[in-house]
Amino acid sequence: EEQGIMLPVLSYQTKYFNPAFFDDILTIRTIVNEIPTGTRITFHYECINEQNVCINKAETSHVFVKTSNGRPCPIPADVIEKIAPFFKDTKVSL
């Protein structure tokens with residue numbers, strides 16, 4: 001937001017497989033499967049309990065938006081640069 005860009009949620013999907021219970025210790029893994037292009041980024045989530053059982057999986061899509069006018073904008077180059085090392089076998093264009 002300091003750069004004048006926000007990242008609102010465009011869509012959210014989730015699927016539940018198993019229950020979680022009060023006092024369960026849960027791990028939420030957040031995964032970006034591919035380098036984002038255009039104006040959007042998608043995050044994938046897995047919620048795992050202590051027995052390594054998947055509780056649920058989810059996905060959110062977000063759009064980069066200029067705070068000044070509320071319009072979609074290209075993904076900032078510094079965002080791409082920060083996540084690019086996690087995609088070593090993928091060609092990154094800024």
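> Just give me the short version of the overall build of the chain, but keep the residues and values in it.
Within the chain one finds 1 helix and 6 strands. For the chain, the sequential pattern of α-helices and β-strands runs β-β-β-β-β-β-α. The globule rule puts the C-alpha radius of gyration for 94 residues at 12 Å, and the 16 Å found for the chain is more than 25% above it. Considered along the principal axes of its C-alpha atoms, the chain spans approximately 45 × 35 × 20 Å. The contacts in the chain between residues at least 6 apart in sequence include a share of 52% that link residues at least 24 apart. Put simply, the chain has 9 plus and 11 minus side-chain charges, and the middle of one group is 10 Å from the middle of the other.

> Can you lay out the sheet that holds strand S3 (residues 27–31) for me, pointing to particular residues and giving the numbers?
Spatial strand order, S2-S5-S4-S3: 4 strands in an open sheet with antiparallel pairing. If you trace the sheet from one side to the other, it starts and ends with strand S2 (9–16) and S3, each paired once. Between one strand axis and the next, the sheet turns by 15° as a mean value, whatever way the strands run. Pairing of strand S4 (residues 40–48) with strand S5 (residues 54–63), which is carried by 9 bridges, proceeds in the antiparallel orientation. Note on S5: the bridge partner recorded for Ile41 is His62.

> If you had to explain the environment of Cys47 to someone new, which residues and values would you point to?
Relative to the helices and strands, Cys47 is located in strand S4. Put simply, Cys47 and Thr37 are 10 residues apart on the chain and 26 Å apart in space, counted from C-alpha to C-alpha. Discounting residues that sit within four places of it in the chain, Cys47 has contacts with Leu26, Thr27, Ile28, Val53, Cys54, Ile55 and Asn56.

> Residues and numbers for a nonpolar patch on the surface, please.
On the surface, Val9, Tyr12 and Tyr16 cluster together into a nonpolar patch covering about 370 Å² of accessible area. Relative to the helices and strands, Tyr16 resides in strand S2. On the basis of relative accessibility, which here comes to 58%, the residue Tyr16 falls in the exposed class.

> Account for the nonpolar core, naming residues and giving values.
With 10 residues, the main nonpolar core is built from Ile5, Ile35, Ile41, Phe43, Phe64, Cys73, Ile75, Ile80, Ile83 and Phe87. Those elements that provide at least two residues to this core are S4 and helix H1 (77–83).

> Describe the environment of Asp24, with residues and values.
For Asp24, the location among the structural elements is in the loop between S2 and S3. Judged by its relative accessible area of 31%, Asp24 is partly exposed. Along the primary structure Asp24 and Glu50 are separated by 26 residues, whereas in three dimensions their C-alpha atoms are 7.5 Å apart.

About the cut-offs
- Positions within a chain are numbered from 1, following the residues in the order the chain's sequence is written.
- In keeping with the model being predicted, local features are shown solely for residues with a pLDDT of at least 70 and side-chain atom pairs are shown and tallied solely at 80 or more, while totals for entire chains, interfaces and linings include all residues.
- Neither water nor hydrogens contribute to the side-chain values; these are computed over all heavy atoms in the structure.
- Numbering goes from the N terminus for both helices and strands, where a helix is a DSSP run of H or I of at least four residues and a strand is a run of E of at least two.
- In this setup the radius of gyration rests on C-alpha atoms only. A globule is expected at 2.2 Å times the number of residues raised to 0.38.
- Residue contacts follow a heavy-atom distance rule, with two residues in contact if any of their heavy atoms lie within 4.5 Å.
- Two residue types count as positive, namely Lys and Arg, and two as negative, namely Asp and Glu; His and chain ends fall outside the count.
- A charge is said to be at NZ when it belongs to Lys, at CZ for Arg, at CG for Asp and at CD for Glu.
- Two strands pair if DSSP finds at least two bridges between them.
- Note on method: axes are straight lines fitted to C-alpha atoms, helices fitted across the in-contact stretch only, with angles between N-to-C directions ranging 0 to 180 degrees.
- Patches draw on residues past 30% relative accessible area with no salt bridge. Two like charges within 9 Å are joined, as are two nonpolar side chains (Val, Leu, Ile, Met, Phe, Trp, Tyr) within 5 Å.
- Areas reported here follow the Shrake-Rupley algorithm with a probe of radius 1.4 Å; residue values treat only the protein chains shown as occluding.
- Here, a salt bridge means any Lys or Arg side-chain nitrogen found within 4 Å of an Asp or Glu carboxyl oxygen.
- Buried residues are those whose accessible area, probed at 1.4 Å on protein chains only, stays under 20% of the maximum for their type, while exposed residues exceed 50% and partly exposed ones sit between those limits.
- Put simply, buried Ala, Val, Leu, Ile, Met, Phe, Trp, Tyr and Cys residues joined by side-chain atoms within 4.5 Å make one nonpolar core.

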